[in-house]
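# Reading the structure
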Amino acid sequence: MKVVIMGCGRVGAQLASLLDREGHKVTILDTDAYSFRRLSSDFNGTALLGNGIDQEALKRAGIEEADAFLALTQGDNRNVMAAQIAKHLFNVPRAICRIYDPLRQELYSTLKLEAFSPTTIFAQMLKEKLIG
Amino acid sequence: MYIIIVGGGRVGYYLTKALLDEGHEVLIVEKNATICETIDDEMGSVCFRGDGCEAATLAEIGTGRADMLIAVTGDDEDNLVACQVAKHKFNVPRTIARVRNPRNETLFGKLGVDVTVSSTNIILEHIEEEVPTHPLTHLLTIRDRGLEIVEIKIPIGSTKVGKTVREFSLPKGSTLFLLLRKQQKPIIPKANTILQAEDRIIAVTTPESEEALRTALTGI
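In what follows, the accompanying structure is described. What you see as residue numbers is a count from 1 along each chain, following the sequence as written. Here every chain gets a letter starting at A, and every ligand a number starting at 1, in the order they are written. For a predicted model such as this one, the threshold for reporting local features is a pLDDT of at least 70, and the threshold for listing and counting side-chain atom pairs is 80 or more; totals across whole chains, interfaces and linings nevertheless cover every residue.

The next thing to look at is the overall build of chain B. Strands here are runs of E lasting at least two residues and helices are runs of H or I lasting at least four, both read from the DSSP assignment and numbered beginning at the N terminus. Across its full length, chain B carries seven helices and ten strands. It is over C-alpha atoms that the radius of gyration is taken, and the globule rule equals 2.2 Å times the number of residues to the power 0.38. Radius of gyration (C-alpha) of chain B: 23 Å, far over the 17 Å computed for a compact globule of 220 residues. Taken along its principal axes, the extent of the C-alpha atoms in chain B is 65 × 35 × 25 Å. In chain B, buried positions account for 31% of the 220 residues. Partitioning the contacts of chain B with sequence separation of at least 6, the portion at a separation of at least 24 is 54%. For every residue, the other C-beta atoms within 10 Å of its own C-beta are counted; 20 or more classify it as buried, 12 or fewer as exposed, and values in between as partly exposed. C-beta atoms are placed from the backbone. Residues are scored as being in contact if the C-beta atoms we place from backbone atoms lie within 7 Å.

The subject of this paragraph is the sheet that holds strand β5 (residues 94–99) of chain B. Backbone hydrogen bonds are what pair the strands of a sheet, in a parallel or an antiparallel way. All names here are of chain B. Two strands make a pair as long as DSSP finds a minimum of two bridges between them. Strand order in the open sheet formed by six strands is β3-β2-β1-β4-β5-β6, with parallel pairing between adjacent strands. Looking at which strands have only one partner, the edges of the open sheet turn out to be β3 (47–49) and β6 (115–118). Averaged over all adjacent pairs, the angle separating strand axes in this sheet is 20 degrees, with direction ignored. Strand direction decides the pairing type here: strand β2 (residues 25–30) and β3, joined by three bridges, are parallel. Across the sheet, valine 29 pairs through a bridge with phenylalanine 48, a residue of β3. Here, axes are lines fitted to C-alpha atoms. For helices the fit covers the stretch in contact, and angles between N-to-C directions go from 0 to 180 degrees. Contacting β2 and β3, helix α2 (residues 33–43) runs over the sheet at an angle of about 160 degrees to β3. With respect to the sheet, helix α6 (residues 119–130) is in contact with β5 and β6, its orientation differing from that of β6 by roughly 50 degrees.

Turning our eyes to something else, we now look at the sheet that holds strand β10 (residues 200–205) of chain B. Residue and element names in this part refer to chain B. Pairing in this open sheet of four strands is antiparallel, and the strands run β7-β8-β10-β9 from one edge to the other. Looking at which strands have only one partner, the edges of the open sheet turn out to be β7 (136–142) and β9 (175–180). With direction set aside, neighbouring strand axes in the sheet form an average angle of 20 degrees.

The next thing to look at is the packing of helix α3 (residues 76–89) of chain A against helix α4 (residues 76–90) of chain B. Relative to each other, α3(A) and α4(B) sit at 80 degrees, their axes nearing to 8 Å. By the angle between their axes, α3(A) is roughly perpendicular relative to α4(B). Taking contact as the criterion, the partners of Asn77(A), Arg78(A), Val80(A) and Met81(A) in α3(A) are, on α4(B), Glu77(B), Asp78(B), Leu80(B) and Val81(B). Each residue receives one of three labels: charged for Asp, Glu, Lys and Arg, nonpolar for Ala, Val, Leu, Ile, Met, Phe, Trp, Tyr, Cys and Pro, and polar for the others, Gly being one of them. Partitioning the contact of α3(A) with α4(B) into residue classes produces four nonpolar, one polar and three charged. What sets the label is the angle itself: under 35 degrees gives roughly parallel, over 145 gives roughly antiparallel, 65 to 115 gives roughly perpendicular, and the rest give oblique.

This is the structure:
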């Protein structure tokens, strides 16, 4: 599978390494080259400097042939916009984005975007650990 | 009308002033407390401190009854999300977004924003007009018809000088409708009108045939 990831933070970097180890073709984008230090030393994919809400940068990352796109930066709005570009302009079969704000996540889920809120997921998980 | 403005920067500030003068009910949503205070001190209580992209904030300020939401922060992604939340969660009839990257105009339209204003494009067009060597300038875009009105200057020494309008192969969808010549009244170009150097022609065209039209008239 060909995957484009936007945001080389902890989650992005780890996911990139996991997918890469399983033999998928991964390209990871970040606006700060220093973030690429988080990639594991055996990472064989492509690390590309660029902004994922810029259509040119996405093209350079090979979005046109990608099977999946994941928006994992710290900015909810950036993630939402990039995922919508991938889905609606480049027709990427799967566009997934992280949205911290649960209300915004709900809204974009109803707009048919695959959106996950770590806030909701983690709070739910902690509650289950505590109370069951 | 009840109008919500997202972003209290310079654009938001002057826009609010203008809309208040016209007698509208205006509320600015701004994250920065200092900016909020300054605006409130000057214009009365018109600024709400909060994130205009958050549904909770928009619910609190009664976005459900707003006639219009205008997002003018400096970040395209924030403007997009503010408009989308207003449109899809609160059914605001008209949403307007400022865009910085001109390429986002079409994208925003596709994603449900009613009107986009590209500050970058507006500035570029005005500067273009002032560059004397530039043969084509954009005067107006008629967006809902996909048309634009442009001005083309015939350069001195152009191979097209001395030819009649009939001799030009104008691209599809382009019409010449006015000719401005030094020290003369404006003329409506006809098939037998002969082109002179430094003539200025006003034409209707489409974005796709703009370049072909320029070449047809100037040879460049």
